[in-house]
Structure formats: structure tokens, C-alpha cells
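Each chain, letter by letter, is given below.
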Amino acid sequence: VGQRIGVLGGTFDPVHLGHLSAASHAVSGLGLDQVLFVPAGQPWQKQSVQASGRDRFAMVSLAIEGVQSFAVSRLEIDREGPTYTIDTLRALRSWPQYEQADLFFITGADAIAEIDSWKDHDQLAQLAAFVAVTRPGFDPTTDPDGATLAVPVIRLDVPGLDISSTLIRQRVARGESIDDLTAPNVVRYIDEHRLYSEPDLSSAS
Ligand code: ATP
Ligand code: MG
């Protein structure tokens with residue numbers, strides 16, 4: 001039988017407890033064998049990413065350390081140019097270990113709302129099932145105008161964690177603690193590498 005593989009894309013600038021919780025709930029809720037975290041290279045939706053691909057990859061690696069069902073891929077950060085979900089899913093499909101797999105692309109309710117604007121969105125559903133985990137303040141079933149999404153979406157209700165990477169970057173820039181927002185070894189990495197100490201000027205939400 002094919003494996004059931006979750007794919008969690010994002011900038012992970014930095015990874016936080018909201019990501020880890022969403023991934024864990026996807027494993028239990030959908031009976032997944034693995035969740036693959038895929039940090040984006042140059043995301044086309046965002047003005048800027050603060051930490052380098054290498055640092056964002058390193059932080060995800062630290063955050064998932066020891067969790068058997070979690071893995072991280074360099075696929076997008078090693079690729080030139082902007083990151084598109086369709087290309088990532090096609091690439092994963094071409095790997096022998098995922099040829100027979102059922103792929104589940106996992107997003108938060110905010111990210112899924114933009115899906116109609118994603119590259120080749122009409123072909124996405126042939127490559128993977130789309131899962132939207134609930135996130136405080138967002139409706140996972142509609143686009144920003146309230147219209148139904150073009151791609152069928154599995155809604156997965158998870159306990160809402162009102163945590164974002166933006167909040168972490170803001171707190172670090174103000175010299176405040178982020179101990180309650182991400183894994184201890186990620187907190188240490190941010191500190192040791194002096195990440196996010198400049199005020200966050202990006203328009204990411
Ligand atoms: P930023 O504030 O920089 O946008 P973020 O916290 O939204 O960061 P991303 O890397 O943009 O993190 O998110 C990657 C994926 O994880 C997206 O699909 C996003 O919707 C989802 N996600 C992020 N935080 C949460 C959360 N607290 N609960 C549920 N899903 C989340
Ligand atoms: Mg985001």
C-alpha cells in the first residue's frame with residue numbers, strides 16, 4: 001500500500017509551535033505516515049524573508065529532531081527562483097519513494113484562502129489532496145472575498161494556536177522572550193545566530 005505523506009510548505013521564518021501542532025494533528029487526524037516540512041526558497045507571495053534558507057532549514061531540523069513522523073526537505077531552498085507548490089508536488093511525485101504515495105498538502109486556513117491564485121491551481125488537485133488546518137481568525141473554506149475555493153479542501157479542525165513567525169520576529173526585535181512560541185533549541189539557535197534582531201520591515205502576515 002502507498003504511504004500517506006503530508007507536505008507542509010511555508011517560509012518557516014522561523015518555525016514555531018503552530019507549525020508543529022498543525023503537523024502533529026495532521027498525522028493523527030489523517031492517519032499520515034510522515035509530514036515533510038518544505039521550507040520555501042524565494043516565496044513569490046512575500047516581499048522578503050529575513051533569515052537565509054540555510055538558517056530556516058537548520059531551525060526546522062532542530063524543531064523536528066527526534067520526531068519519527070517528521071522530516072524536512074531542502075527541495076525548495078536548493079532551487080533557483082521563486083517557489084511554486086505545483087513544481088514542488090511534481091518534484092516529490094517523481095521521487096521513487098513517493099511514486100505510490102498519497103500526498104496531502106497541508107496549509108493553514110490563511111494560506112489556503114489564496115489557493116486560487118497559485119500557479120496552475122487547476123492541476124493541483126491531481127497531484128495531492130489539500131488540507132486546511134484551522135487557524136485563529138481565518139475561514140478555511142473561502143477565498144478572501146468569501147467565494148468558494150476552486151480546489152476541494154479537507155478541513156481539519158485543530159486547537160487554534162495564535163502564534164505566527166511574524167510575532168516571533170517582532171518579539172525578538174524588541175528583546176522580548178519567545179520561549180512560549182517555539183522549541184527550546186530554536187530559541188537557542190535564534191539567539192546564537194542573532195537572527196531577527198533588526199525591526200521587521202516585511203509585509204508578511
Ligand atoms: P509569517 O507570519 O511570516 O507569515 P507564519 O506563522 O504564517 O509566518 P508560514 O511559514 O507562513 O508561518 O506558514 C507555513 C504554513 O503553516 C502556512 O500554511 C500557514 O497557514 C501554517 N501556519 C502557520 N502558523 C499556523 C498556526 N498557528 N496554526 C495553523 N497553521 C499555521
Ligand atoms: Mg504566513
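See the structure printed just above.
What this report covers is the structure whose coordinates are included nearby. As the structure is a computational prediction, the values presented were derived from the model and not from experiment. (Residues numbered from 1 in each chain as written. Chains lettered and ligands numbered in written order. Predicted model: local features only at pLDDT ≥ 70, side-chain atom pairs only at ≥ 80, totals over all residues. Heavy atoms only, no water.)

A short note on the sheet that holds strand 1 (residues 4-10)
Okay, so step 1: Here six strands make up an open sheet; going across it, the order is 4-2-1-6-7-8 and the pairing parallel. On the outer flanks of this sheet lie strand 4 (70-72) and strand 8 (153-156), each paired with one strand and no other. Across the sheet, the mean angle from the axis of one strand to that of its neighbour is 30°, orientation sign disregarded.
Okay, so step 2: Sheet topology places strand 7 (residues 129-133) next to strand 8; four bridges connect them, and they run parallel. (Pairing = 2+ DSSP bridges. Helix = DSSP H or I, 4+ residues; strand = E, 2+ residues; numbered from the N terminus. Axes fitted to C-alpha atoms, helices over the stretch in contact; angles between N-to-C directions.)

What to know about the nonpolar core
Okay, so step 1: Judged by nonpolar contacts, the single largest core of 37 residues is most densely connected at L32, V35, F37, M59, F70, I106 and I190.
Okay, so step 2: For this core, the elements supplying multiple residues, two or more each, are helix 1 (17-30), strand 2 (34-39), helix 2 (53-64), strand 6 (102-108), strand 7, helix 6 (165-173) and helix 7 (184-192).
Okay, so step 3: If sequence neighbours within four positions are ignored, V35 has contacts with G6, L8, A23, V27, S69, F70, A71 and I106.
Okay, so step 4: V7, L75, L92 and F105 belong to the second-largest nonpolar core, a separate cluster that totals 24 residues. (Core = buried A, V, L, I, M, F, W, Y, C linked by side-chain atoms within 4.5 Å. Buried < 20%, exposed > 50% of the residue type's maximum accessible area, 1.4 Å probe, protein only. Contact = heavy atoms within 4.5 Å.)

Looking at the pattern of salt bridges
Okay, so step 1: Per the stated rule, a full pass over the model turns up eight salt bridges.
Okay, so step 2: Put simply, D13 and R169 hold a salt bridge, and the shortest N to O gap is 4.0 Å. One end of the pair, D13, is in the loop between strand 1 and helix 1; the other, R169, is in helix 6, with 156 residues separating them in the sequence.
Okay, so step 3: The exposure class of R169 is buried, given its relative accessible area of 3%.
Okay, so step 4: Residues R171 and D180 are paired through a salt bridge, measuring 3.0 Å at the closest nitrogen-oxygen approach.
Okay, so step 5: Owing to a relative accessible area of 47%, D180 belongs among the partly exposed residues under this scheme. (Salt bridge = Lys/Arg side-chain N within 4 Å of Asp/Glu carboxyl O.)

Section: the packing of helix 2 against helix 7
Okay, so step 1: At a minimum axis distance of 8 Å, the contact between helix 2 and helix 7 shows a crossing angle of 150°. When the axis of helix 2 is compared with that of helix 7, the two are roughly antiparallel. Crossing handedness for the pair helix 2 and helix 7: right-handed. Contacts between helix 2 and helix 7 pair D55, A58, M59, L62 and A63 from the former with N185, V186, Y189 and I190 from the latter.
Okay, so step 2: The residue makeup of the contact of helix 2 with helix 7, split by class, is seven nonpolar, one polar and one charged. (Parallel < 35°, antiparallel > 145°, perpendicular 65-115°, else oblique. Left-handed = near helix turned anticlockwise from the far one by under 90°. Nonpolar A, V, L, I, M, F, W, Y, C, P; charged D, E, K, R; others polar.)

Quick notes on the side chain of S164
Okay, so step 1: Its location among the elements puts S164 in the loop between strand 8 and helix 6.
Okay, so step 2: A distance of 3.1 Å separates a polar side-chain atom of S164 from the backbone nitrogen of L167.
Okay, so step 3: With sequence-adjacent residues up to four places away left out, S164 is seen in contact with H16 and R135. (Polar contact = N/O pair within 3.5 Å; in protein donor to acceptor, adjacent residues only side chain to side chain.)

That's the geometry; what it means functionally is another story.
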